[in-house]
Amino acid sequence: MRILAIETSCDETAAAVIEAAGGALSPVFTVHSSIVHSQIDIHRPYGGVYPTLAKREHTQNIHPVIEATLEKSKFQTKDIDAIAVTVGPGLEPALWVGINTAQELAKKWGVPLIPANHMEGHLVSVLLKEQASVAFPAIGLLVSGGHTELIVMNGWGQYELIGRTRDDAAGEAFDKVARTLGLPYPGGPALSQLAAQRSHSTEQELTLPRPMLHSNDYDFSFSGLKTAVLYATWQHPELITDESLRVALAHEFESSVIEVLISKTKRALESYKAHTLLVGGGVVANTRLRKACEELSQTEGIALFLPHHEYTGDNAAMIAAAAYLAHERGYEHIPIQANGILSL
Ligand code: KG4
Ligand code: ZN
């Protein structure tokens, strides 16, 4: 099945053409083309995504992005079997640009429209480069700018949400702490680059809390950690002005986030006797998190699936893959809800 997918849930206007086969039991994907047009430069002066600007930019770019994606795939409209679109979660004005465009095209081309869940996209993004079957039960860890979730997966499409953030998402905490340190939006990549400059010879006495590390559940909370960083910089302004202290602070913040994520994931893997760990979302671009996941999979003796770097952030290839799973579950003709939201 050849699917053209559209993703406009946040600040990336994305389209992709993929081939999907294998059914819901062992899906296999081939990405023919995937284009992501980022709006980061436009939102940077505001320090975050500005929804009305995002809508304007998506509206301007959606058709050129779709045309370029089709051209790159070397297919024509008659070769496309279905159109997929992200219906949520995401910024509503941004989502609607994609949904309206997808509806128009599906009608014009006479093909079905498949609604896809953005978070299921991040989960299945691990299979876009790797043709392997996943042994279930599996634990899914989703770490993005808007979500931090632990999911028990008993198969593709069979998900139970067991933990989520009670306040800020992991990526959001990275972005906010980066802002405190005067780093540009989005702060995750900049903050992790800063943290990577730490050398072991300049060990600093600096400790931040590990929020909810020992709580008897799978929930997360990163807002207190962000506030701890803010207070520390008020009490010790040199944490912002002294370069080696800045590096130490960034490193300790990163250590705290990763330690909590890994510890809860470890407990979930053991409690649910999982065979596999899947990790998805923008924060998986983080080198130390990837390494920590690899170490965890080794000590637990389980299989690990991480998305290829190209597919950690928002993209439409993962949306096409999620749509294929939805299609295989018989969701082809479900109407898109008025608020566009289909939560996991
Ligand atoms: O999945 P994503 O692209 O968008 C959402 O669906 O939210 O995730 C974006 C988030 C941002 O908060 C960004 O700062 C974070 O992922 N991120 C990182 C890194 N690269 C991106 N966080 C930590 N380290 C990174 N290297
Ligand atoms: Zn995302």
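Residues numbered from 1 in each chain as written. Chains lettered and ligands numbered in written order. Predicted model: local features only at pLDDT ≥ 70, side-chain atom pairs only at ≥ 80, totals over all residues. Heavy atoms only, no water.

An order of E3-E2-E1-E4-E5 is seen for the 5 strands of this open sheet, with the pairing classed as mixed. A single partner strand is all that each edge strand has here, and the edge strands are strand E3 (28-38) and strand E5 (113-117). Strand-to-strand twist across the sheet, computed as the mean angle between neighbouring axes with direction ignored, equals 25°. Summarising the sheet, strand E1 (residues 2-7) and strand E2 (residues 12-21) pair through 6 bridges and their orientation is antiparallel. Bridge pairing links Glu 7 to Ala 14 in E2. Against the sheet, helix H2 (residues 51-73) contacts E1, E2 and E3, and its axis sits at roughly 35° relative to E2. Docked against the sheet, helix H11 (residues 317-328) engages E1, E2, E3, strand E4 (82-88) and E5, running at close to 110° with respect to E5. (Pairing = 2+ DSSP bridges. Helix = DSSP H or I, 4+ residues; strand = E, 2+ residues; numbered from the N terminus. Axes fitted to C-alpha atoms, helices over the stretch in contact; angles between N-to-C directions. Contact = heavy atoms within 4.5 Å.)

Turning next to the domain arrangement of the chain. According to the domain assignment, the chain contains domain 1 (2-127 + 312-328) and domain 2 (138-306). Here the C-alpha centroids of domain 1 and domain 2 sit 27 Å apart. Counting residues at the interface gives 21 residues for domain 1 and 24 residues for domain 2. Together, the buried faces of domain 1 and domain 2 total about 1700 Å²; carbon and sulfur atoms form 73% of this surface. Of all residues in domain 1, the largest losses of buried area upon contact with domain 2 belong to Met 119, Leu 123 and Val 126, amounting jointly to 37% of the total for that side. At the boundary of domain 1 with domain 2, the tally comes to 0 salt bridges. With 5 residues, helix H4 (residues 118-124) is the single largest residue contributor to the side of domain 1 that touches domain 2. In the side of domain 1 that touches domain 2, the residues fall into 13 nonpolar, 5 polar and 3 charged. (Domains from an automatic or database assignment. Buried area = accessible area lost by both parts, 1.4 Å probe. Salt bridge = Lys/Arg side-chain N within 4 Å of Asp/Glu carboxyl O. Nonpolar A, V, L, I, M, F, W, Y, C, P; charged D, E, K, R; others polar.)

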